[in-house]
Amino acid sequence: MDALSDYSDHWDDSMSDSSQSDHSDASMGTYRSEASSRTSVDMSVRSASPARSVVSVTDSVRAQAIREEHGRGVNNYSDVYLLPADDDEVNRLNHQHILMTKIMGKYPPPILEAMRQDDHGETKAILDLGCGGGNWIMDAAHDFPEASCVAVDLVPMQILDMPPNCRSEVDDINLGLEHFYGDFNVVHMRLINTGIKDYAGLIVHISRVLRPGGLIDMLEFGYKIFDNNRQIVPPSEAPGSTWLPRWFDKIYIAVGRRGGCLDSASHMYGWVKDIPAFTDVTYRGFWTPTSPWLKGHDPETKHQNDLGRLMRDDIKEFLKSGRPLLLASGLSVAYVDELENGCRQELDEAKAPHYIVLEQVYARRR
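About the cut-offs
Residues numbered from 1 in each chain as written. Predicted model: local features only at pLDDT ≥ 70, side-chain atom pairs only at ≥ 80, totals over all residues. Heavy atoms only, no water. Helix = DSSP H or I, 4+ residues; strand = E, 2+ residues; numbered from the N terminus. Buried < 20%, exposed > 50% of the residue type's maximum accessible area, 1.4 Å probe, protein only. Contact = heavy atoms within 4.5 Å. Areas by Shrake-Rupley, 256 points an atom, 1.4 Å probe, with all protein chains shown as cover. Salt bridge = Lys/Arg side-chain N within 4 Å of Asp/Glu carboxyl O. Axes fitted to C-alpha atoms, helices over the stretch in contact; angles between N-to-C directions. Parallel < 35°, antiparallel > 145°, perpendicular 65-115°, else oblique. Left-handed = near helix turned anticlockwise from the far one by under 90°. Phe/Tyr/Trp six-rings, centres within 6.5 Å; stacked < 30°, edge-to-face > 60°. pLDDT = per-residue confidence, 0-100. Right-handed = clockwise from strand over helix to strand, strands pointing away. Pairing = 2+ DSSP bridges. Polar contact = N/O pair within 3.5 Å; in protein donor to acceptor, adjacent residues only side chain to side chain. Expected span 1.5 Å × (residues − 1).

(A) Quick peek at the overall build of the protein. Helices and strands together make up the secondary structure of the protein, namely 11 helices and 10 strands. For the protein, buried positions account for 56% of its 366 residues. In the protein, the share of contacts with a sequence separation of at least 24, taken over all contacts with a separation of at least 6, comes to 74%. Only carbon and sulfur atoms are counted for the fraction: they give 49% of the accessible area of the protein, which is about 15,600 Å².

Spelled out as structure tokens, the structure:
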């Protein structure tokens, strides 16, 4: 597969001077997949949604949900997802939430219309799939206090003071979402493709989870590095080659071997358009520097470098998060150490003109 051709469908060359690109189309294509993946998760650990499920974050719950692997705490339920689920990872995700909000804002514009109260007296409901540290769903619970907010992940949210309109459920969404059909006005997903086996099938499920007029909001990253000309930087082991493309390529391979769907970022738009239930499908691509490498002192360059500093900090922490995954894939400790050290030095020097692209797709349910 030519990775560049995957991206060319979503970007117009006329947008090349902008850090963000948009594409919106209300037309629908043909219906695609009905598939729902299955993993080795014990069905007994699933929450009995939509009935209320209250999770108490006790030592016994954490012990059941998390095991140690290569020095980090990882989830105990999914064979696909091997990024950490420990306190250090929650801290990384807390800072990442700040970065994501600075890049693209908190919510896509249609959320206000999707959450507008109507005359039917129906309680609005928001679902966050793969909630991580829970920052987004906590913001939503505060911003929409009359709504019922549900956070789903492989481990319980480690927040003890959740607002009364928010709850945490432990579940593997690879098992399907039939128990949520017709229950939500907004479904949000952000950077979860490392743990999803059938992303197209998941979107089909969400089309049935959403109520009429509801909103799907997805953000993913394709684990590719781009240069200053917005061309993919191929990974290379040759001396003098940049380190970050090589590290992300190793993550891409390791996730793929476990069944994750990292190609989803460049396909989400097409998958959503192919489902007749969706309309007003919108794509936004956010080009973000991996470090503060841009030259200049104008306001936009300063803004991009500010984002680059935050992104650099996030990637440096992500190097630690990816370590169990790389070691479990069979790479040696010495090789992983070399990769991490090379990436850190490259990021700190801030000389490599690298971008990553965060890809967002949102749409309304007919």
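(B) Spotlight on the pattern of salt bridges. Tallying each qualifying case throughout the model produces 17 salt bridges. Glu317 is the salt-bridge partner of Lys320, the closest N and O atoms lying 3.2 Å from each other. You can see Lys320 and its partner Glu317 sitting in helix 9 (residues 299–321), 3 residues apart, about one turn around the helix. The class of Glu317 is partly exposed, set by a relative accessible area of 34%. Across the salt bridge formed by Arg323 and Asp337, the nearest N and O atoms sit 2.8 Å from each other. In this pair, Arg323 is assigned in helix 10 (residues 323–328) and Asp337 in helix 11 (residues 333–349), connecting sequence segments 14 residues apart. Among the residues examined, Asp337 registers a relative accessible area of 29% and is labelled partly exposed. Within the structure, one salt-bridge network assembled from shared partners comprises Arg323, Asp337, Glu340 and Arg344.

(C) Spatial organisation of the packing of helix 7 (residues 244–258) against helix 11. In contact at an axis separation of 9 Å, helix 7 and helix 11 are set at 135° when each is read in the N-to-C sense. It follows that helix 7 is oblique to helix 11 by the angle criterion. For the crossing formed where helix 7 meets helix 11, the hand is left-handed. Contact residues: helix 7 offers Leu244, Pro245, Arg246, Trp247 and Lys250, while helix 11 offers Tyr335, Leu339, Glu340, Cys343, Glu346 and Leu347.

(D) How the structure looks around the packing of aromatic side chains. Applying the stated rule across the entire model yields 15 aromatic pairs. Here Tyr269 and Tyr283 contribute two aromatic rings whose centre-to-centre distance is 6.4 Å and whose plane-to-plane angle is 80°, an arrangement assigned as edge-to-face. Note that Tyr269 is positioned in helix 8 (residues 264–273) and Tyr283 in strand 9 (residues 278–289), a separation of 14 residues in sequence. When sorted by exposure, Tyr269 lands in the same class as Tyr283, which is buried. With a centroid separation of 6.0 Å and an interplanar angle of 85°, the aromatic rings of Trp287 and Tyr355 are classed as edge-to-face. Pair noted here: Trp287 is in strand 9 and Tyr355 is in strand 10 (residues 355–365), with a separation of 68 residues, a long-range link. Pair check on accessibility: Trp287 and Tyr355 agree, each one buried. Through a chain of ring-to-ring contacts, the aromatic side chains of Phe221, Tyr223, Trp247, Phe248 and Phe318 assemble into a single cluster.

(E) Molecular detail of the confidence of the model for the protein. Summarising the model, the protein shows a mean pLDDT of 86, and 83% of its residues fall at 70 or more. Across residues 1–18 the pLDDT falls below 50, and counting only partners more than four positions away or on other chains, this stretch makes 31 contacts in the model. Every residue in residues 24–58 scores below 50 in pLDDT, and together they form 100 contacts with partners more than four places removed in sequence or on other chains.

(F) Region of interest: the pairing of strand 8 (residues 210–221). Summarising burial for strand 8: 10 of the 12 residues are buried, a large majority. On the question of chirality, the crossover connecting strand 7 (residues 184–190) to the parallel strand 8 by way of helix 6 (residues 199–209) is right-handed. In this sheet, strand 10 lies alongside strand 8 in antiparallel orientation, the contact comprising 7 bridges. Residue pairing across strands places Met218 opposite Val361, the latter belonging to strand 10.

(G) Representation of unusual backbone geometry within the structure. Phi is positive for Asp280, close to 50°, though the residue is something other than glycine. Residue placement: Asp280 occurs in strand 9. Unlike most non-glycine residues, Ala350 shows phi in positive territory, near 55°. By the secondary structure assignment, Ala350 is in the loop between helix 11 and strand 10.

(H) Quick peek at the environment of Tyr355. With a relative accessible area of 8%, Tyr355 lands in the buried category. When the C-alpha positions of Tyr355 and Phe226 are compared, they lie 5.0 Å apart, and in sequence the two are 129 residues distant.

(I) How the structure looks around the side chain of Arg364. One can find Arg364 in strand 10. Among the polar contacts listed, one links the side chain of Arg364 to the backbone oxygen of Gly213, at a separation of 2.6 Å.

(J) Broad picture of helix 8. Of all the 10 residues making up helix 8, 8 are buried; the element is thus mostly covered by neighbouring parts of the structure. Here helix 8 has its buried residues at Ser264, Ala265, Ser266, Met268, Tyr269, Trp271, Val272 and Lys273.

(K) Local environment of helix 3 (residues 87–104). The first and last C-alpha atoms of helix 3 sit 26 Å apart over 18 residues, in line with the 26 Å expected at 1.5 Å per residue. All of the buried residues in helix 3 are Glu89, Val90, Arg92, Leu93, Gln96, His97, Leu99, Met100, Ile103 and Met104. Just past helix 3, the residue Gly105 takes up positive phi, approximately 85°.

(L) Spotlight on the pairing of strand 3 (residues 72–75). Relative to strand 3, strand 2 (residues 66–69) runs antiparallel, the two being bridged by 4 bridges. The partner of Arg67 across the bridge, within strand 3, is Val74. Taken together, strand 2 and the strand that follows it, strand 3, pair antiparallel across an intervening segment of 2 residues, in which His70 is found at a positive phi of about 50°.

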